[in-house]
Amino acid sequence: SAVISQKPSRDICQRGTSLTIQCQVDSQVTMMFWYRQQPGQSLTLIATANQGSEATYESGFVIDKFPISRPNLTFSTLTVSNMSPEDSSIYLCSAASTDRSYEAFFGQGTRLTVV
Amino acid sequence: GIQVEQSPPDLILQEGANSTLRCNFSDSVNNLQWFHQNPWGQLINLFYIPSGTKQNGRLSATTVATERYSLLYISSSQTTDSGVYFCAVERVDSSYKLIFGSGTRLLVRP
């Protein structure tokens, strides 16, 4: 299985600021994704992180609010910009690869609280 | 879009009891996975099971793709089984993106 490390694991941030979350996979993967889990809710896909090009965002999510980078096949970042308390959530990075039949694996998540 | 429904939403068990969790989905899928989210928020892969039956220790899962449902069986439950169980599916045309059900929250009491 793929091992996915996220940093930071948790943070408390002031409203109006930005936080960048890092996701590192222990091997090259085909696909990387970012999900959000609001308190008491299920997971919702934010975007697909595309290597070397702009991310593909799901309905309701925009690049200005959630800029994403993926400079290579093992690393991606998600920035939560101009934060408000409504952004308080767990953010999870996911990866999948052709040599694992596209089974998806997840990082441990970043628990964000905006005050 | 595809709908993923899980039942029951909440479940309380006494340690040692067995349980069955259900996941229904509204359209054909390429992939179905079961996850356990522990109290710290981490998602643990349980099964990658687009069809058929798999077993791993006290856990087993069955997916009947033609009837659009999957079942997760937990036998001889332990307190460490507590947490939220999610079913997630990948649509046939969705490029490996997962759509999650709303989850089953399980509490196993000693």
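None of these values were measured; they are calculated from a predicted model.

Caption draft 1: Seen up close, the interface of chain B and chain A. Across the contact, 19 residues belong to chain B and 20 residues belong to chain A. In this structure, the connection of chain B to chain A is made through 1 salt bridge. Here chain B and chain A share 8 residue pairs in polar contact (both at pLDDT 80 or more) between them. Every element with two or more residues in the side of chain B that touches chain A is listed here: strand 4 (29-37), strand 5 (43-48) and strand 10 (98-100) of chain B. Each residue belonging to the side of chain B that touches chain A can be placed in one class, and the counts come to 9 nonpolar, 9 polar and 1 charged.

Caption draft 2: Structural detail: the sheet that holds strand 6 (residues 52-56) of chain B. All names here are of chain B. Taken in spatial order, the 5 strands of this open sheet run 1-3-8-7-6, and their pairing is antiparallel. Strands at the two margins of the open sheet, each flanked by one partner only, are strand 1 (4-7) and strand 6. Across the sheet, the axes of successive neighbouring strands diverge by a mean angle of 15°, strand direction being ignored. Relative to strand 3 (residues 19-25), strand 1 runs antiparallel, the two being bridged by 4 bridges. The partner of Gln6 across the bridge, within strand 3, is Cys23.

Caption draft 3: Representation of the nonpolar core within the structure. With 27 residues, the main nonpolar core has A:Trp34 and A:Leu78 as its most contacted residues. When residues of this core are traced back to their parent elements, those giving at least two are strand 3 (19-25), strand 4 (31-37), strand 5 (43-49), strand 8 (75-80), strand 9 (89-96) and strand 11 (110-114) of chain A. If you tally residues by element for this core, the top one is strand 3 of chain A, at 4 residues. Residues B:Leu11, B:Leu32, B:Leu46 and B:Leu59 belong to the second largest nonpolar core, which totals 22 residues.

Caption draft 4: Up close: the packing of aromatic side chains. Going through the model one piece at a time under the given rule, you end up with 9 aromatic pairs over all chains. Pairing A:Tyr35 with A:Phe106 gives two aromatic rings, centres 5.4 Å apart and planes at 55°, and the pair type is tilted. A residue pair is termed long-range when its members are at least 10 positions apart, and A:Tyr35 in strand 4 and A:Phe106 in strand 10 (residues 105-106) qualify at 71 residues. The exposure classification of A:Tyr35 matches that of A:Phe106, with both residues buried. Members of the aromatic cluster, joined through ring pairs, are A:Phe33, A:Tyr35, A:Phe106, B:Phe35, B:Phe86 and B:Phe100.

Caption draft 5: Region of the structure containing the sheet that holds strand 3 of chain A. All names here are of chain A. In space, the 4 strands of this open sheet follow the order 1-3-8-7, with antiparallel pairing throughout. Unpaired on one side and paired on the other, strand 1 (4-7) and strand 7 (68-72) mark the two borders of the sheet. Put simply, the sheet's adjacent strands are angled 15° from each other on average, direction ignored. Here strand 3 pairs with strand 8 via 6 bridges, running antiparallel. Each residue of the ladder has a partner; that of Cys23, found in strand 8, is Ser76.

Caption draft 6: Highlighting the environment of A:Phe75. Among the structural elements, A:Phe75 can be located in strand 8. Apart from residues lying up to four places away in sequence, A:Phe75 is in contact with A:Gln22, A:Cys23, A:Gln24, A:Met32, A:Ser69 and A:Arg70.

Caption draft 7: A look at the pattern of salt bridges. Under the defined criterion, the tally for this structure stands at 3 salt bridges over all chains. In this structure, the salt-bridge partner of B:Lys97 is A:Glu58, at a minimum N-O distance of 3.0 Å. You can see B:Lys97 sitting in the loop between strand 9 (83-91) and strand 10 and its partner A:Glu58 sitting in the loop between strand 6 (56-57) and strand 7, one on each of two chains. Using a relative accessible area of 23% as the deciding quantity, one classes A:Glu58 as partly exposed. Among the salt bridges present, the one from B:Asp81 reaches B:Arg58, with a minimum N-O distance of 2.9 Å. Here B:Asp81 is found in the loop between strand 8 (69-74) and strand 9, whereas its partner B:Arg58 is found in the loop between strand 6 and strand 7 (59-64), with 23 residues between them in sequence.

Criteria and cut-off values
Residues numbered from 1 in each chain as written. Chains lettered and ligands numbered in written order. Predicted model: local features only at pLDDT ≥ 70, side-chain atom pairs only at ≥ 80, totals over all residues. Heavy atoms only, no water. Contact = heavy atoms within 4.5 Å. Salt bridge = Lys/Arg side-chain N within 4 Å of Asp/Glu carboxyl O. Polar contact = N/O pair within 3.5 Å; in protein donor to acceptor, adjacent residues only side chain to side chain. Helix = DSSP H or I, 4+ residues; strand = E, 2+ residues; numbered from the N terminus. Nonpolar A, V, L, I, M, F, W, Y, C, P; charged D, E, K, R; others polar. Pairing = 2+ DSSP bridges. Axes fitted to C-alpha atoms, helices over the stretch in contact; angles between N-to-C directions. Core = buried A, V, L, I, M, F, W, Y, C linked by side-chain atoms within 4.5 Å. Buried < 20%, exposed > 50% of the residue type's maximum accessible area, 1.4 Å probe, protein only. Phe/Tyr/Trp six-rings, centres within 6.5 Å; stacked < 30°, edge-to-face > 60°.

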